[in-house]
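# Structural overview
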Amino acid sequence: MFTTYRRRRRLSRVRPGDGSPLPDFRLWQILSRSLFSLELPDASGHRHLFEVDVRHAADSTTARSPASLYRDGVQVARANLPATFAVPGGVIEVATSQYGLRRMHHVTEDGAEHVLRPHPRTQEGLRARFGERFPRTSTVLGAVAVVVFLAAGAVALLQGIDTVTHSPVIAQHLGTFTSPIRLSTGGTIAVGLAGALAATERALTFRSRWLIRR
């Protein structure tokens, strides 16, 4: 019930597109733009190409919408994120996290869902091609990313508890906890960057939610 309500609310926030053509994807946009596509038939059986253009740096205050839906190269809808676009036979759900896309799924009327096809020049497209060409290496890379992410999270948690419990008010009532892992400022920054890179790698494969979900 909550999912249905949330989907209807997001559908109500979608605005009509301006009819502009889909801009070409440029190499310098690799960190700021994602582009996915999906072919779907309409009621008469004619197939249309639907494309979702996500601008990660855009928000409700910018001229360009964070998410736009194109049909056969023409903008037909736009919305802020998270967004849900109505398409023949279902919807396309789009959502982001601080590390990248969290959802870019086509959800059919019977509840089946799958990820749209990424543009080959985007981060997601390059990662997908790497996985197709080097499946074993890709699996190892994913496993390493999970280990690094969990390790970085554990270190951050220990240091956070250390800092909080050394507050005079907390220490007086609960005592103090000293983290067994002591890092320099440089080490803390390095661990944070490693964790962010690992989370980004998982996000590029849409496995950040449960980390190791296949």
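Residues numbered from 1 in each chain as written. Predicted model: local features only at pLDDT ≥ 70, side-chain atom pairs only at ≥ 80, totals over all residues. Heavy atoms only, no water.

Turning our attention to the overall build of the protein chain. Scanning the protein chain for helices and strands turns up 5 helices and 10 strands. Overall, the protein chain is about 70 × 40 × 35 Å in size when its C-alpha atoms are taken along their principal axes. Counting the 214 residues in the protein chain, one finds 33% classified as buried. Considering only residue pairs separated by 6 or more positions, the protein chain has 45% of its internal contacts joining residues 24 or more positions apart. With the model as given, the accessible surface of the protein chain reaches about 12,900 Å², and the carbon-plus-sulfur share is 60%. Side-chain charges of the protein chain comprise 28 positive and 16 negative groups, with the mean position of each set lying 5 Å from the other. (Helix = DSSP H or I, 4+ residues; strand = E, 2+ residues; numbered from the N terminus. Buried < 20%, exposed > 50% of the residue type's maximum accessible area, 1.4 Å probe, protein only. Contact = heavy atoms within 4.5 Å. Areas by Shrake-Rupley, 256 points an atom, 1.4 Å probe, with all protein chains shown as cover. Lys, Arg positive; Asp, Glu negative; His and termini not counted. Charge placed at Lys NZ, Arg CZ, Asp CG, Glu CD.)

Okay, unusual backbone geometry next. Here Leu81 and Pro82 are connected by a cis peptide whose omega angle stands at -5 degrees. Along the chain, Pro82 turns up in the loop between strand E5 (74-79) and strand E6 (83-87). For Asp72, which is not glycine, the phi torsion reads 55 degrees and is therefore positive. Topologically, Asp72 is positioned in the loop between strand E4 (67-71) and E5.

Turning to the pairing of strand E3 (residues 47-55), a few remarks are in order. For E3, the tally of buried residues reaches 7 of 9 residues, placing the bulk of the element in the interior. Counting the residues in the hairpin turn of strand E2 (residues 33-41) and E3 gives 5 residues, including Gly45, whose phi is positive at 95 degrees. Where E3 and E4 come together, 5 bridges link them in antiparallel fashion. Note that in E4 the partner of Phe50 across the bridge is Arg71. (Pairing = 2+ DSSP bridges.)

Overall, antiparallel pairing links the 6 strands, which are arranged E1-E5-E4-E3-E2-E10 in an open sheet. Edge positions in the sheet fall to strand E1 (15-16) and strand E10 (117-118), since each has one partner strand and no second.

Turning our eyes to something else, we now look at the nonpolar core. Counting residues in hydrophobic clusters, the biggest one holds 19 residues, and the most contacted among them are Val52, Leu69, Phe85, Ile92, Val94 and Met104. Those elements giving two or more residues to this core turn out to be E2, E3, E4, E5, E6, strand E7 (90-97) and strand E8 (100-108). Contact partners of Val94, with chain neighbours within four places excluded, come to Val52, Val54, Leu81, Pro82, Ala83, Phe85, Leu101, Arg103 and Met104. (Core = buried A, V, L, I, M, F, W, Y, C linked by side-chain atoms within 4.5 Å.)

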